[in-house]
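Commentary on secondary and tertiary structure
What follows is each chain in one-letter form.
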Amino acid sequence: MPEPTDQKADAKAEQPVGAPVGAGRNLLFLREEELRLAQDLLFFGYRDFTAGADEILAELGMGRAHHRVLHFVGRRPGITVGDLLGILGITKQSLARVLTPLMEEDYVVQATGRNDRRQRLLSLTPKGEALERRLFERQREWVMRAYREAGPIAVEGFRRVMRGLMGPEARAQLERLEQPSPTRRGATSLARTG
């Protein structure tokens with residue numbers, strides 16, 4: 001019977017030279033400096049990723065909280081206020097401070113739920129869609145450039161790391177966002193007519 005170390009050596013020998021190392025392999029014992037570098041990368045990457053959108057928002061007297069609402073309402077037209085609160089992890093009062101001006105300035109419209117009249121469904125107006133699109137396009141360029149430079153293996157690794165940084169609730173919310181919205185068409189048309 002071969003020794004376990006022999007099996008490991010055989011597996012290493014089968015890997016082509018330059019093949020990517022499996023996630024976490026050889027990184028089980030990260031030094032503090034490597035972890036601090038990861039934090040630095042997150043801080044600087046986020047700063048530069050948001051800078052262009054921040055400029056557009058500042059011209060309109062808005063901030064990142066407005067951007068988050070526009071983003072998630074745009075991703076999920078007909079989203080309930082309750083679901084949006086869960087995604088953003090904020091209080092009703094905090095959401096009201098952001099959502100009220102967005103509705104008053106005709107970026108977001110609110111409609112009553114078809115089956116549950118207590119529900120408030122949110123959708124972007126054409127003006128809101130145009131702004132959300134403009135913000136997306138500004139940030140899309142940064143993501144596309146980074147993905148191209150890194151390559152497909154690194155992109156998959158990035159996705160794994162970002163999911164790994166999320167808690168179970170955030171992962172569940174992301175999975176819901178990635179699914180097609182059953183109310184997308186109905187909520188959007190209802191919101192614009194009601």
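Residues numbered from 1 in each chain as written. Predicted model: local features only at pLDDT ≥ 70, side-chain atom pairs only at ≥ 80, totals over all residues. Heavy atoms only, no water.

**Some points on the environment of Ala51**
Mapping Ala51 onto the fold places it in helix H2 (residues 32–59). For the pair formed by Ala51 and Arg138, sequence separation is 87 residues and the distance between their alpha carbons is 9.3 Å. (Helix = DSSP H or I, 4+ residues; strand = E, 2+ residues; numbered from the N terminus.)

**Regarding the nonpolar core**
One finds Val69, Leu70, Leu84, Leu102 and Val108 to be the most contacted residues of the largest nonpolar core, which totals 23 residues. Broken down by secondary-structure element, the contributors of at least two residues to this core are H2, helix H3 (64–75), helix H4 (81–88), helix H5 (92–104), strand E3 (120–124) and helix H6 (126–150). Ignoring anything within four residues of it in the chain, the contact list for Leu102 reads Met62, His66, Val69, Leu70, Tyr107 and Val108. (Core = buried A, V, L, I, M, F, W, Y, C linked by side-chain atoms within 4.5 Å. Buried < 20%, exposed > 50% of the residue type's maximum accessible area, 1.4 Å probe, protein only. Contact = heavy atoms within 4.5 Å.)

**Topic: unusual backbone geometry**
Non-glycine residue Asp106 carries a positive phi angle of around 65°. Along the chain, Asp106 turns up in the loop between H5 and strand E2 (108–112). Given a relative accessible area of 43%, Asp106 falls into the partly exposed group.

**Focus: the packing of aromatic side chains**
If you walk through the whole model with that rule in mind, you get one aromatic pair. Ring geometry for Tyr147 versus Phe158: centroids 6.2 Å apart, planes at 70°, classification edge-to-face. On the criterion of sequence distance, the pair formed by Tyr147 in helix H6 and Phe158 in helix H7 (residues 152–165) is long-range, its members being 11 residues apart. What makes Tyr147 partly exposed here is its relative accessible area of 29%. Its end group placed over the ring of Tyr107, Lys127 keeps NZ or CZ at 4.6 Å from the ring centre. (Phe/Tyr/Trp six-rings, centres within 6.5 Å; stacked < 30°, edge-to-face > 60°. Lys NZ or Arg CZ within 6 Å of the ring centre and 35° of its normal.)

**Details of the sheet that holds strand E1 (residues 79–80)**
Strand order in this open sheet of three strands is E1-E3-E2, and the pairing throughout is antiparallel. Whereas interior strands pair on both sides, the edge strands pair on one side only; in this sheet they are E1 and E2. Across two bridges, the pairing between E1 and E3 is antiparallel. For Thr80, the partnering residue across the bridge sits in E3 and is Leu121. (Pairing = 2+ DSSP bridges.)

**Some words on the environment of Ile79**
Looking at the secondary structure, you find Ile79 in strand E1. The sequence separation of Ile79 and Arg120 amounts to 41 residues, and the corresponding C-alpha distance is 8.2 Å. Not counting residues up to four positions away in its chain, the partners in contact with Ile79 are Phe72, Val73, Leu84, Ile87, Arg120, Leu121 and Leu122.

**Some remarks on the packing of H3 against H5**
Closest axis-to-axis distance for the H3/H5 pair is 10 Å, and the angle between their directions is 70°. One element, H3, and the other, H5, form an angle in the roughly perpendicular class. Residues Ala65, His66, Val69 and Leu70 of H3 touch H5, and the partners they reach there are Leu95, Val98, Leu99, Pro101 and Leu102. Within the contact of H3 with H5, the residues separate by chemical class into eight nonpolar, one polar and no charged. (Axes fitted to C-alpha atoms, helices over the stretch in contact; angles between N-to-C directions. Parallel < 35°, antiparallel > 145°, perpendicular 65-115°, else oblique. Nonpolar A, V, L, I, M, F, W, Y, C, P; charged D, E, K, R; others polar.)

Just geometry here; none of it tells us what the structure is for.
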